[in-house]
Amino acid sequence: MARELRKLGFTKVCVLAGGYNEWVKAGLPLEKKWNIKKECVTCHESVTPEIVSDWRLSKHSRKEVSCSVCHGDYHSSEDDVEKARPVTPDRCTLCHQIQGDQFTAGKHAQAWYAMRALPSAHWKSMSSLEGLKDCESCHRIGIKSPRIIKKLLEKGVGFGMASCDVCHTRHTFFKREAQQPQACQTCHNGADHPQWAMYSGSKHGVRHGLKQMGVLPESTSAPTCQTCHMEQGDHEVRTAWGFLAVRLEMKGDKEWAAASRTILRALGLFDPDGKPNRRMKVMKRRDVLRQTDADWKKERKKMLVGCSRCHSISFAEQELNKGDFMIRKTDLLMADAIRIVAGLYKDGILERPEGDTQPFPDFMAPLKRPRSIELKLWRMFGEYRMRAFQGVFHSNPTYAFWHGLGEMEQALCEIKEMAGLLRKNAGN
Ligand code: HEC
Ligand code: HEC
Ligand code: HEC
Ligand code: HEC
Ligand code: HEC
Ligand code: HEC
Ligand code: HEC
Ligand code: HEC
């Protein structure tokens, strides 16, 4: 790691396993070990005064973790600004090994590469991957390799490499800010993952909101996103079902397993002859799918332990079962709809989208010239189905039923009607 950091411009890093705490334990004077340059602060006091005042509010300023410790010391005046280096999670991990390792093992760390590998995962696909806006404004939470960072720097994209600062924003890096559900709000909202809207409208979120307003006492119990997803401050964020709510192994329920298999085919994970393909490999590597029952159960168990701080286990178990049941229900509706559209392709009534060689519709293919029936199908999967099960898991009946299941049932009706008309027009 020392070499990587030096390559990124940290000229005098002293790398010691364990970081800051090890130094303190060893009684080593900090000034000698860290690359502390007082002149950064002095000059930036007038150049960017509010960065300095935020930094002064942070615990870092009290522990001499100053500008040059994070940004290196290549730059020292207004003429060489481009030499100041962006900060990567490796830099934070030097001193915060536990959080860094947990973060790296979790799903957030995969966000960058999942985005690049599966550009049409959200039903409302955005136009481009270029520049640090659109997809990247959220997916920048993912860790990037030194090679990618170098490329981004060459392209002039100087910042957005730090991952950790999406919850602990710079330069205060407060723990308290990251503990609030609002820390997740910017990214976890929108058409296919409106967790903020669902949570803040649920009893959980409402109670927490009233606590923040000071109406309810500070000790009132009310879970935040972090209570359920970062139990005990664990930075390894991961859930049982994940975003797409599909599993490779579905034991027991044959009807559900068949519906789920149809969805996996519509996600384009198999060749026409039924063999797992390259996309399946990517999904496995990026941890998009839960591969075994055991893998799924491990996360479920973790979640239940969290609920049981405030609820009885059996209450919580029943509630989570309702979420699974909703996935089952929506999968059956979804599979019906997919088969209707696949049937239209097969019978030559609906022309297959350009370049598509699959017998099934492909949810991950960009919709270049979508027909209404395909648009409805995509929306049924990417918006209504998401809202239905996410709404149950986040105790929000409006999302689960009005925006979720109800919309799905209506969409299936419309798809059937449209297919009927298309067949009639084609004369069969
Ligand atoms: C003599 C004044 C001066 C000193 C000393 C100085 N800086 Fe700067 N720094 C600037 C100016 C001016 C800018 C450009 C600000 C702008 O674009 O508005 C800048 C920009 C930066 C940036 C942003 C770079 C970018 O690409 O946007 C960082 C990070 C930074 N400085 C860190 C440091 C660190 C760390 C040190 C000490 C090693 C330091 N500065 C010392 C004047 C200084
Ligand atoms: C604990 C590490 C850390 C310390 C200490 C630190 N920074 Fe930063 N700084 C960051 C991170 C992280 C970013 C965002 C990087 C990214 O987005 O890739 C950043 C970004 C910046 C930027 C560019 C973004 C902007 O908002 O303009 C400037 C300028 C900057 N820092 C100046 C400073 C100065 C001046 C100091 C000292 C008073 C300082 N930093 C201390 C971590 C640090
Ligand atoms: C040189 C070592 C060092 C580096 C590098 C460093 N930190 Fe820290 N960090 C510390 C120390 C020391 C503390 C204070 C610990 C204490 O007082 O308990 C701290 C505290 C924190 C806290 C807790 C703040 C609070 O309000 O309680 C957070 C969050 C944090 N750092 C995040 C980061 C992030 C994110 C980065 C990278 C952008 C980073 N740190 C880089 C040493 C470092
Ligand atoms: C900067 C944007 C951003 C912020 C802020 C953010 N997330 Fe995420 N989160 C993402 C992205 C992007 C993914 C998808 C990553 C992937 O799976 O590749 C994700 C995935 C997740 C998952 C995924 C679960 C799974 O198993 O697939 C959970 C749970 C989660 N985030 C919880 C949180 C919580 C809790 C917070 C606030 C403490 C938070 N996130 C803050 C962007 C963000
Ligand atoms: C507003 C923030 C935001 C934007 C913009 C965004 N995403 Fe996401 N993305 C997320 C979140 C949050 C998740 C995880 C949702 C969940 O688990 O419910 C996610 C999930 C994903 C996943 C699935 C990862 C997994 O493991 O399940 C992929 C792939 C993805 N996004 C790609 C993209 C692409 C490509 C774009 C641009 C076209 C994009 N995203 C734009 C926030 C965003
Ligand atoms: C009371 C606990 C609880 C709270 C509070 C909570 N979640 Fe969840 N979350 C869950 C459960 C349960 C699941 C489904 C877990 C599974 O797959 O079995 C879930 C799933 C997720 C997922 C994966 C996709 C999905 O929605 O099913 C993301 C992303 C997520 N939550 C983010 C958040 C964010 C962001 C917040 C705060 C705005 C939040 N959650 C608040 C319990 C909670
Ligand atoms: C998804 C949001 C999120 C991201 C991303 C994130 N953190 Fe945190 N972090 C939190 C939360 C929430 C807490 C408070 C945990 C608790 O309640 O103990 C926290 C606490 C911390 C603390 C204080 C620990 C303590 O007990 O005092 C440090 C240090 C820290 N994080 C470092 C990091 C580093 C380093 C990264 C990047 C590798 C990072 N965080 C990324 C949400 C996040
Ligand atoms: C920090 C405490 C806390 C945690 C953790 C927690 N809850 Fe809650 N939950 C509450 C409180 C408080 C209420 C509001 C009780 C009421 O409505 O009377 C509530 C209400 C609910 C409700 C609505 C019940 C109703 O009567 O309308 C459901 C469903 C629920 N929780 C499920 C869960 C699940 C599932 C988990 C774990 C994933 C969980 N909760 C985790 C505190 C918690």
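Look a little higher up for the structure.
So, how was this worked out
Residues numbered from 1 in each chain as written. Chains lettered and ligands numbered in written order. Predicted model: local features only at pLDDT ≥ 70, side-chain atom pairs only at ≥ 80, totals over all residues. Heavy atoms only, no water. Helix = DSSP H or I, 4+ residues; strand = E, 2+ residues; numbered from the N terminus. Buried < 20%, exposed > 50% of the residue type's maximum accessible area, 1.4 Å probe, protein only. Areas by Shrake-Rupley, 256 points an atom, 1.4 Å probe, with all protein chains shown as cover. Axes fitted to C-alpha atoms, helices over the stretch in contact; angles between N-to-C directions. Parallel < 35°, antiparallel > 145°, perpendicular 65-115°, else oblique. Left-handed = near helix turned anticlockwise from the far one by under 90°. Contact = heavy atoms within 4.5 Å. Nonpolar A, V, L, I, M, F, W, Y, C, P; charged D, E, K, R; others polar. Near = heavy atom within 4 Å. Polar contact = N/O pair within 3.5 Å; in protein donor to acceptor, adjacent residues only side chain to side chain. Donors = N, O, S within 2.8 Å, 3.2 Å for Na, K, Ca; no water. Tetrahedral: all angles 85-135°; square planar, octahedral: opposite > 155°, others 65-115°. Core = buried A, V, L, I, M, F, W, Y, C linked by side-chain atoms within 4.5 Å. Phe/Tyr/Trp six-rings, centres within 6.5 Å; stacked < 30°, edge-to-face > 60°. Lys NZ or Arg CZ within 6 Å of the ring centre and 35° of its normal.

### Section: the overall build of the chain
Helices and strands together make up the secondary structure of the chain, namely 23 helices and zero strands. When each of the 428 residues of the chain is scored for burial, the buried share is 41%. Here the chain has roughly 23,200 Å² of accessible surface; of this, 56% comes from carbon and sulfur atoms.

### Section: the packing of helix α20 (residues 293-307) against helix α21 (residues 313-346)
It is the contact of α20 with α21, at a shortest axis distance of 9 Å, that shows an interaxial angle of 135°. Judged by the angle between their axes, α20 and α21 are oblique. Seen along the crossing, α20 lies across α21 with a hand that is right-handed. On the side of α20, the interface is formed by Trp-296, Arg-300, Met-303, Leu-304 and Cys-307, while α21 contributes Ile-313, Ala-316, Glu-317, Leu-320, Asn-321 and Asp-324. Residues that form the contact of α20 with α21 fall into these classes: seven nonpolar, one polar and three charged.

### Focus on the site of ligand 1
Taken together, the neighbourhood of ligand 1 is formed by 17 residues, with Cys-40, Cys-43, His-44, His-75 and Ser-76 sitting nearest. His-44 has a polar side-chain atom sitting 2.7 Å from a nitrogen atom of ligand 1. Between a nitrogen atom of ligand 1 and a side-chain N or O atom of His-75, the distance comes to 2.6 Å. Here the element with the most residues in the shell around ligand 1 is helix α4 (residues 38-47); it accounts for five residues. Grouping the amino acids of the shell around ligand 1 by side-chain chemistry returns seven nonpolar, seven polar and three charged.

### Some words on the site of ligand 2
Looking at ligand 2, there are 18 residues lining it, with Cys-67, Cys-70, His-71, Gly-160 and His-171 nearest. At 2.8 Å, a side-chain N or O of His-71 approaches a nitrogen atom of ligand 2. Take Arg-170: an N or O atom from its side chain is 3.2 Å from an oxygen atom of ligand 2. Within the residue set of the shell around ligand 2, elements represented by two or more residues are α5 (49-57) and α7 (67-71).

### So, the coordination of the iron atom of ligand 2
The coordination sphere of the iron atom of ligand 2, as far as protein atoms go, consists of His-71 (NE2) and His-171 (NE2), spread over 1.9 to 2.0 Å. Classification of the site at the iron atom of ligand 2 rests on its six donor atoms, whose angles at the metal span 87 to 179°, yielding the label octahedral. Remark: His-171 occurs in the loop between α12 (146-154) and α13 (175-178) and His-71 occurs in helix α7; sequence separation between them is 100 residues.

### Observations regarding the environment of Glu-45
Its place among the elements puts Glu-45 in helix α4. Engagement of the side chain of Glu-45 in a polar contact is seen with the side chain of Arg-56, the distance being 2.9 Å.

### So, the coordination of the iron atom of ligand 7
Donor atoms from the polypeptide that bind the iron atom of ligand 7 are His-168 (NE2) and His-235 (NE2), placed at 2.0 to 2.1 Å. Classification of the site at the iron atom of ligand 7 as octahedral follows from its six donor atoms and the range of 86 to 179° in their angles at the metal. With His-168 in the loop between α12 and α13 and His-235 in the loop between α17 (225-229) and α18 (254-266), this pair connects stretches of sequence that are 67 residues apart. Taking relative accessible area as the criterion, His-168 reaches 22% and is therefore assigned partly exposed.

### Describing the side chain of Arg-328
Tracing the backbone through its elements, the reader meets Arg-328 in helix α21. Taking the relative accessible area as the measure of exposure, Arg-328 reaches 18% and is therefore buried. Looking at Arg-328, its side chain comes within polar contact range of the side chain of Glu-255, at 3.1 Å. In contact with Arg-328, other than residues within four places in its own chain, are Asp-253, Glu-255 and Trp-256.

### A closer look at the side chain of Ser-120
The residue Ser-120 is located in the loop between α10 (111-117) and α11 (134-139) in this model. Among the polar contacts made by the side chain of Ser-120, one reaches the main-chain carbonyl oxygen of Met-364 at a distance of 3.4 Å.

### Examining unusual backbone geometry
Here the residue pair Arg-170 and His-171 is connected by a cis peptide bond, since its omega of -10° sits within 30 degrees of zero. Of note, Phe-173 is a non-glycine position whose phi angle comes to about 45°, a positive value. Residue position: Phe-173 is located in the loop between α12 and α13. Residue class for Phe-173 comes out partly exposed when judged on its relative accessible area of 32%. Backbone geometry at Ser-395 places phi at a positive 50°, although glycine is not the residue there. Its place among the elements puts Ser-395 in the loop between α22 (372-393) and α23 (397-425).

### Let's talk about the nonpolar core
Nonpolar side chains tend to gather and get buried jointly when the protein is soluble and globular. Of all hydrophobic cores here, the largest spans 52 residues; its most connected members are Leu-244, Leu-267, Met-334, Phe-363, Leu-377 and Met-380. For this core, the secondary-structure elements that each account for two or more residues are α18, α19 (278-285), α21, α22 and α23. Setting aside chain neighbours within four positions, we find Leu-244 in contact with Leu-267, Met-283, Val-288, Met-364, Phe-381, Arg-385 and Met-386. Of all hydrophobic cores here, the second largest spans eight residues; its members include Cys-135, Ile-148, Ile-149 and Met-161.

### With respect to the packing of aromatic side chains
All told, the structure shown has six aromatic pairs when counted by the stated rule. Its guanidinium or amino end placed over the ring of Trp-296, Arg-247 lies 4.3 Å from that ring's centre, counting from NZ or CZ. The residue whose ring lies beneath Arg-261 is Phe-270, and the NZ or CZ to ring-centre distance is 4.2 Å.

### Looking at the environment of Cys-228
By the element assignment, Cys-228 lies in helix α17. The sequence separation of Cys-228 and Lys-302 amounts to 74 residues, and the corresponding C-alpha distance is 9.1 Å. Other than its neighbours up to four places away in sequence, Cys-228 contacts Pro-223 and Met-303.

Read these as geometric descriptors, not functional statements.
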